[in-house]
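Fold and contact review
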Amino acid sequence: MKINAKTARALLLLSPSMAISSFYVPLATAQDLVLEEIIVTARKREENLQETPLAVSAYNGRTLREAGIDSMDDLNAIVPGIDLQSGSGVSGRANIFIRGVGQRNTGPNIDSGVGIYLDGVYLSRADGALLDMNDIGSVQVLRGPQGTLFGKNTTGGAVAFETNRPGDEFDMSIMLRAGDHFRRDGSVMVNLPLVEDVLSTRLSVAAIKRDGFMRNITTGKLHNDEDRISGVWQLRWTPNDEVTIDLNTNYSKTNQTARAQKCLPVEGIEGWQAPGFDALLVNSIFASDLQGLCDVSANLGEYEWTGDIDRSTRYFAETKGVSLTAAWDINDNLSFKSITGWRETQGASENDLDPTAAHITFISGLEHPEATPDKTHQITQEFQFNGQAFDGKLSYVTGAFFFTEETDERIQVSEVAAVEIAALAGRIVTLTSQRTELLADNESWAVYSQLDWNFNENWRATIGARYTSEDRKLFRRRAGLDPSTLSTAPGPVIDVGGAFILPVANSFNTAWGFNDALAEETRGSVSATEFTPMASIQYLFDGDGFINGGSAYLTFSQGFLSGGLSEAPRASPDLDGDGFTDDTDGDGIPNGAPFDEFFPEEVTNYELGIKLDAWDKRLRMNAALFYSDYDNRQLTTIVINPVTNSPAGATFNAKSSSITGLELETTLLPFGNLELTMNASFYDGKIKEYEDTRLSLVEVPAGQDCVADGIGVAVGPGCVLSQVIDRSDEDLARLPDKTLYFGAQYRFEGDYGTIIPRVQFSKKYNVERCFERGSCESGLWNVDETNVSARISWLTANDRVNLAVYGTNLTNRRDIIGGQPLVDSYGFGGVTFSPPRMYGAEIQFNF
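Residues numbered from 1 in each chain as written. Predicted model: local features only at pLDDT ≥ 70, side-chain atom pairs only at ≥ 80, totals over all residues. Heavy atoms only, no water.

**As for the overall build of the chain**
Helix and strand counts for the chain stand at 7 helices and 48 strands. Against the 2.2 N^0.38 benchmark of 29 Å for 847 residues, the chain shows a C-alpha radius of gyration of 28 Å, consistent with a compact globule. For the C-alpha atoms alone, the extent of the chain along its principal axes is close to 85 × 60 × 55 Å. Burial analysis of the chain (847 residues in total) assigns 58% to the buried set. For the chain, restricting intrachain contacts to residue pairs at least 6 apart in sequence, the fraction spanning at least 24 positions comes to 71%. Carbon and sulfur atoms make up 56% of the accessible area of the chain, which amounts to about 32600 Å² in all. (Helix = DSSP H or I, 4+ residues; strand = E, 2+ residues; numbered from the N terminus. Rg over C-alpha atoms; globule rule 2.2 N^0.38 Å. Buried < 20%, exposed > 50% of the residue type's maximum accessible area, 1.4 Å probe, protein only. Contact = heavy atoms within 4.5 Å. Areas by Shrake-Rupley, 256 points an atom, 1.4 Å probe, with all protein chains shown as cover.)

Structure follows, in structure tokens:
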């Protein structure tokens with residue numbers, strides 16, 4: 001990305017905002033309004049945001065409420081560099097990217113490049129991590145690698161949520177919200193002092209519920225609904241002025257339909273699975289071939305789709321958490337903090353991978369009798385020492401972090417082409433199915449330290465380092481279909497080359513079983529250690545004249561994301577053709593296909609930043625220019641599952657890539673009670689070196705055999721070739737070329753209270769949401785996203801009642817925000833859309 005001097009000056013003058021991360025307090029007159037100091041804990045201690053040498057956006061509870069931010073995914077429009085949607089693929093899992101770094105895969109065998117923290121506790125799994133703003137006191141979004149201080153070493157950034165702590169005065173609030181699509185939300189909060197200045201407690205409960213807006217015409221059901229509950233109970237004990245102990249328990253549950261995906265045709269690509277599926281669809285009531293199925297879906301209304309007629313897709317997650325935080329001010333120059341956390345996460349989804357009405361490719365984690373949700377237990381422990389020495393010239397943070405998690409339940413059932421053929425009066429069924437149990441055991445520990453040296457009132461230097469050790473273990477057990485379980489009627493089931501003849505017509509058993517006698521097992525483990533340093537030099541402005549404060553900094557930092565074992569299997573010997581790998585070591589258990597290992601992701605980041613408060617503290621301008629160089633970037637691809645001959649996700653490394661970017665934030669109080677906020681970001685991502693595999697159909701010459709002559713792999717009647725290709729010419733996924741945000745609000749104050757009208761506009765340009773090569777080549781998943789929203793709030797003079805009406809997506813845009821673009825497999829892909837225009841009203845009573 002090339003930015004000349006003229007452009008840089010113009011961008012700095014426009015420099016967009018701390019959005020709602022800044023707020024102000026009215027003083028004597030309108031012209032006395034100023035931006036208030038923002039205190040952040042991004043570096044494990046309280047400090048002024050404008051003097052923190054890293055790119056961070058911070059939001060308190062009041063600004064979150066005024067902007068109508070009710071859930072974590074609402075941050076998507078406001079924070080520069082963040083890409084956060086309502087789910088991943090068709091599920092509701094948290095899938096967050098910062099500066100183009102995150103993780104599409106959400107299995108227990110891999111971590112995200114972005115860390116999510118709740119009251120200092122790292123949330124390891126994506127299930128249940130799409131947090132609602134239930135009694136949230138602040139949110140901090142840190143952009144860039146967090147390789148020194150934060151609990152889990154990450155390469156993209158971190159999002160830290162802090163709940164409101166129990167206070168010494170009685171407080172209570174009730175909120176009710178209603179809107180279209182039968183929106184009905186509610187929350188209750190009670191803060192109760194138990195022993196004056198010693199013991200207090202706080203309880204908050206929230207429920208989010210809304211009907212869906214995507215109608216499945218094959219079942220009549222609405223999808224893309226919301227159905228979540230969450231609760232937080234806290235206890236604060238302050239035995240003396242030096243010690244504070246916080247107990248936090250939290251719970252959440254999500255049980256809603258999966259995100260619907262509409263079919264998007266792609267010209268010029270014949271899916272490598274298409275011939276096999278076409279042969280099975282001759283008697284389909286929907287269409288005679290796969291492309292016809294896609295056309296049926298594509299030609300429906302904007303918010304209509306054709307989902308699987310046989311299965312109801314949904315997403316389920318349940319989390320339970322307990323944390324204990326003890327803070328001790330040892331003396332004026334030293335403090336200690338301990339954060340102990342336990343968390344249990346369960347999650348699963350019913351994934352209809354093809355966006356058609358036929359039962360073609362389906363993964364069950366819930367409804368099949370042999371499927372079980374993912375269940376992960378994690379324990380974290382962190383110790384921190386904060387102190388200063390040499391009359392305050394030296395400030396330091398040092399500590400240790402330990403993390404362990406175990407996924408002891410996760411069984412998914414994959415179904416490919418579960419089609420009941422009309423031939424022989426309903427006695428022939430074709431089905432390929434596999435049950436996969438995937439268990440993981442991950443451990444990490446680290447020690448870290450960071451020192452600040454204040455040369456004088458203006459100059460400060462920071463150095464830090466972290467040593468991280470990671471160990472990951474993975475166990476996979478797979479069982480294939482047991483044909484004898486396919487019929488509900490007595491009698492033998494006959495296998496005729498992949499199709500099964502039932503003993504009685506229409507006796508297909510939807511709760512079929514698996515042959516455990518032939519189950520195969522695979523075990524693997526990987527370990528890695530990494531030393532990640534950082535260094536920064538910073539200049540603090542005096543605050544004379546037009547400039548009232550702020551800083552400029554130059555930072556070097558590194559980050560690390562542990563490698564692991566890819567869930568997708570590699571091809572392995574099946575000499576007897578029974579669909580399982582053979583028992584090569586003679587222990588009586590077939591040996592599973594070995595895991596593919598992907599390597600740790602490493603990043604080196606160079607960042608130049610400037611943060612300014614100016615014009616009598618009515619203007620705040622923050623900018624960050626950075627260059628991030630990545631080695632072994634972890635990306636997701638598609639391979640052939642050698643057992644089912646179906647597509648399977650796998651994690652590969654892109655050997656070399658880089659991201660250059662400029663992020664700008666500004667808040668302006670031009671006159672009276674008017675607040676203007678603006679954000680912008682400009683990114684240029686390059687994949688320098690990335691070799692992947694691509695699957696495609698090949699023609700078999702006359703007289704030759706696909707497998708015997710080494711041409712490819714037989715998938716139904718088709719011959720599939722897996723080729724190594726160069727994908728370095730593609731754009732990085734989830735990294736927009738640029739983003740823009742503008743918000744304006746005015747506070748009308750009087751005896752009646754305060755009325756605050758607010759409008760917001762956000763746009764992302766050229767967001768790449770493709771997946772495998774075919775979808776990326778098509779360009780159809782390279783999209784813009786636009787959102788315009790408005791809100792009017794009224795606060796009574798005593799702040800006892802808050803009333804608001806709002807509207808979102810006022811221009812009723814239908815933007816692609818995700819989907820399953822398996823173009824090389826099917827010849828088309830699936831897309832999910834942003835919600836349509838919505839409106840509603842809410843009222844909150846404070847007691």
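**Some words on the packing of aromatic side chains**
Taken as a whole, this structure holds 15 aromatic pairs when the rule is applied. Between Y122 and F403, the ring centres sit 5.7 Å apart and the planes meet at 75 degrees, which makes this aromatic pair edge-to-face. Taken together, the residues span a long stretch of sequence, with Y122 in strand 9 (residues 121-122) and F403 in strand 25 (residues 394-421) at a distance of 281 residues. With respect to burial, Y122 and F403 carry one shared label: buried. For the pair W445 and Y467, a centre-to-centre distance of 5.7 Å together with 50 degrees between the ring planes defines the contact as tilted. Note that W445 is positioned in strand 26 (residues 428-454) and Y467 in strand 27 (residues 459-480), a separation of 22 residues in sequence. A connected cluster of aromatic rings, assembled from ring pairs, spans Y117, Y122 and F403. Taking the ring centre of Y630 as reference, the NZ or CZ of R633 above it sits at 5.1 Å. Positioned above the aromatic ring of Y765 is the side chain of K738, whose terminal nitrogen or guanidinium carbon lies 4.6 Å from the ring centre. (Phe/Tyr/Trp six-rings, centres within 6.5 Å; stacked < 30°, edge-to-face > 60°. Lys NZ or Arg CZ within 6 Å of the ring centre and 35° of its normal.)

**What to know about the pairing of strand 10 (residues 136-143)**
Most of strand 10 is tucked away: 8 of the 8 residues are buried. Bridging between strand 5 (residues 56-60) and strand 10 involves 5 bridges; their strand directions are antiparallel. Paired with A58 across the bridge in strand 10 is Q140. As judged from the 7 bridges shared by strand 10 and strand 11 (residues 157-163), these two strands associate in the antiparallel manner. Each residue of the ladder has a partner; that of R143, found in strand 11, is G157. (Pairing = 2+ DSSP bridges.)

**As for the pattern of salt bridges**
Under the criterion given, the structure shown has 57 salt bridges. A salt bridge links R410 to D374, with the shortest nitrogen-to-oxygen separation between them at 3.0 Å. On the criterion of sequence distance, the pair formed by R410 in strand 25 and D374 in strand 24 (residues 372-389) is long-range, its members being 36 residues apart. Just as R410 is buried, D374 falls in that class too. (Salt bridge = Lys/Arg side-chain N within 4 Å of Asp/Glu carboxyl O.)

**Looking at helix 4 (residues 290-298)**
Looking at helix 4, one finds that the buried residues are L290, G292, L293, C294 and S297. Against the buried residues of helix 4 lie strand 19 (262-265), helix 3 (274-280), strand 20 (304-305), helix 7 (823-826) and strand 47 (828-833).

**Focus on the sheet that holds strand 40 (residues 718-726)**
Strand order in the open sheet formed by 3 strands is 38-40-39, with antiparallel pairing between adjacent strands. Among the strands making up the open sheet, the edge pair consists of strand 38 (691-697) and strand 39 (713-715). Averaged over neighbouring strand pairs, the angle between their axes works out to 40 degrees when direction is ignored. Pairing of strand 39 with strand 40, which is carried by 3 bridges, proceeds in the antiparallel orientation. The residue of strand 40 that forms the bridge with V715 is G718. (Axes fitted to C-alpha atoms, helices over the stretch in contact; angles between N-to-C directions.)

**Observations concerning the pairing of strand 12 (residues 171-179)**
Bridging between strand 12 and strand 13 (residues 183-195) involves 9 bridges; their strand directions are antiparallel. Paired with A178 across the strands is R184, a residue of strand 13. Between strand 12 and strand 13, which follow one another and run antiparallel, lie 3 residues, and H181 among them has a positive phi close to 55 degrees. Both strand 12 and strand 48 (residues 838-846) contribute to a ladder of 7 bridges, which runs antiparallel. Along strand 48, the bridge assignment pairs M175 with Q844.

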